[in-house]
Amino acid sequence: MKKLMVIGAIDSGKTSLLMALNGQTGVPLKTQTLQYSSFMIDTPGEYMENPRMYTAIMSTAQEAKLILFTQDASSEKSIFPPGFARSFPGITIGIVTKIDLTNSKIEKSLNILNKLGLKGPIFEVSSFTGEGIENLKSYINNALNKSL
Ligand SMILES: Nc1nc2c(ncn2[C@@H]2O[C@H](COP(=O)(O)OP(=O)(O)OP(=O)(O)O)[C@@H](O)[C@H]2O)c(=O)[nH]1
Ligand SMILES: [Mg+2]
């Protein structure tokens, strides 16, 4: 159970984040289904936006030691039910994504993620500029005993 899983709204930057963590460049493909790659699990935003898919998220999360909840800094919309992270057995952390965007509202994103009941910290990152990525990598390496 040494896996990392990423959950969040459609277009919140989950796939881009995993690419940045892996040092990959290029255009992220739309995630159509659960994607397993080495120790990472990417999820389609539709899973989080459709309550009927919560059971799929929850059962997949049993395999994950670390769960990342993404919130797009340029979106004020929250799709997470309050306290949603509390039902996860792993370490739950928040990620404010796309902080490079000029219209980003980081404080609003922090407020949204703070309502999730996360066990761990919240990171602010840009997968485009790389800001915050090394910091997040160190946290992940520590939590999973890996070397990203
Ligand atoms: N400016 C900026 N755009 C980003 C960043 N990360 C992702 N994007 C853009 O946001 C859009 C969605 O990114 P994805 O990584 O595909 O988002 P996702 O959460 O995986 O989306 P789904 O797979 O549909 O759930 C793409 O157009 C990305 O180029 C970022 O850090 N900064
Ligand atoms: Mg994706």
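Everything here concerns the structure above.
Before going into details, it helps to say that this report is about the structure given with it. (Residues numbered from 1 in each chain as written. Chains lettered and ligands numbered in written order. Predicted model: local features only at pLDDT ≥ 70, side-chain atom pairs only at ≥ 80, totals over all residues. Heavy atoms only, no water.)

Okay, the overall build of the chain next. Along its length, the chain carries 5 helices and 6 strands. Taken from the N to the C terminus, the helices and strands of the chain come in the order β-α-β-β-α-α-β-β-α-β-α. Radius of gyration (C-alpha) of the chain: 14 Å, near the 15 Å computed for a compact globule of 148 residues. Expressed along its principal axes, the backbone C-alpha trace of the chain runs to roughly 35 × 35 × 30 Å. Relative to its full complement of 148 residues, the chain shows a buried share of 48%. Sequence-distant contacts, at least 24 apart, represent 72% of the contacts inside the chain between residues at least 6 apart. Of the roughly 7,300 Å² that the chain leaves accessible, carbon and sulfur atoms contribute 51%. Of the charged side chains in the chain, 15 are positive and 12 negative; the average position of the first set lies 8 Å away from that of the second. (Helix = DSSP H or I, 4+ residues; strand = E, 2+ residues; numbered from the N terminus. Rg over C-alpha atoms; globule rule 2.2 N^0.38 Å. Buried < 20%, exposed > 50% of the residue type's maximum accessible area, 1.4 Å probe, protein only. Contact = heavy atoms within 4.5 Å. Areas by Shrake-Rupley, 256 points an atom, 1.4 Å probe, with all protein chains shown as cover. Lys, Arg positive; Asp, Glu negative; His and termini not counted. Charge placed at Lys NZ, Arg CZ, Asp CG, Glu CD.)

The next subject is the packing of aromatic side chains. Per the stated rule, a full pass over the model turns up 6 aromatic pairs. Between Phe-69 and Phe-84, the aromatic rings sit 6.4 Å apart at their centres with planes inclined by 90°, giving edge-to-face as the arrangement. Of the two residues, Phe-69 is situated in strand S4 (residues 64–72) and Phe-84 in the loop between S4 and strand S5 (91–97); the sequence distance between them amounts to 15 residues. Judged by relative accessible area, which is 0%, Phe-69 ranks as buried. Note on Phe-84: relative accessible area 8%, which makes it buried. An angle of 65° between the planes, with centres 5.4 Å apart, marks the rings of Phe-84 and Phe-88 as edge-to-face. Phe-88 sits in the buried class, given a relative accessible area of 2%. A connected cluster of aromatic rings, assembled from ring pairs, spans Tyr-54, Phe-69, Phe-80, Phe-84 and Phe-88. The positively charged end of Lys-146 is found above the aromatic ring belonging to Phe-39, 4.3 Å away from the centroid. (Phe/Tyr/Trp six-rings, centres within 6.5 Å; stacked < 30°, edge-to-face > 60°. Lys NZ or Arg CZ within 6 Å of the ring centre and 35° of its normal.)

Another point: the coordination of the magnesium ion (ligand 2). In this structure, Thr-15 (OG1) and Thr-31 (OG1) serve as the protein donors to the magnesium ion (ligand 2), at separations of 2.0 Å. Residue Thr-15 is found in helix H1 (residues 14–21), and its partner Thr-31 is found in the loop between H1 and strand S2 (35–37); the two are separated by 16 residues along the sequence. Here Thr-15 and Thr-31 have matching classes, each one buried. (Donors = N, O, S within 2.8 Å, 3.2 Å for Na, K, Ca; no water.)

Further remarks concern the site of ligand 1. Around ligand 1 lies a shell of 19 residues, among which Lys-14, Ser-16, Lys-30, Gly-45 and Asp-100 are the nearest. Within the backbone of Gly-45, one N or O atom sits 2.7 Å away from an oxygen atom of ligand 1. With respect to ligand 1, the side chain of Lys-98 contributes an N or O atom lying 3.0 Å from an oxygen atom. Broken down by element, the shell around ligand 1 gets its largest block of residues, 3 residues, from H1. (Near = heavy atom within 4 Å. Polar contact = N/O pair within 3.5 Å; in protein donor to acceptor, adjacent residues only side chain to side chain.)

Keep in mind these numbers describe shape, not what the thing actually does.
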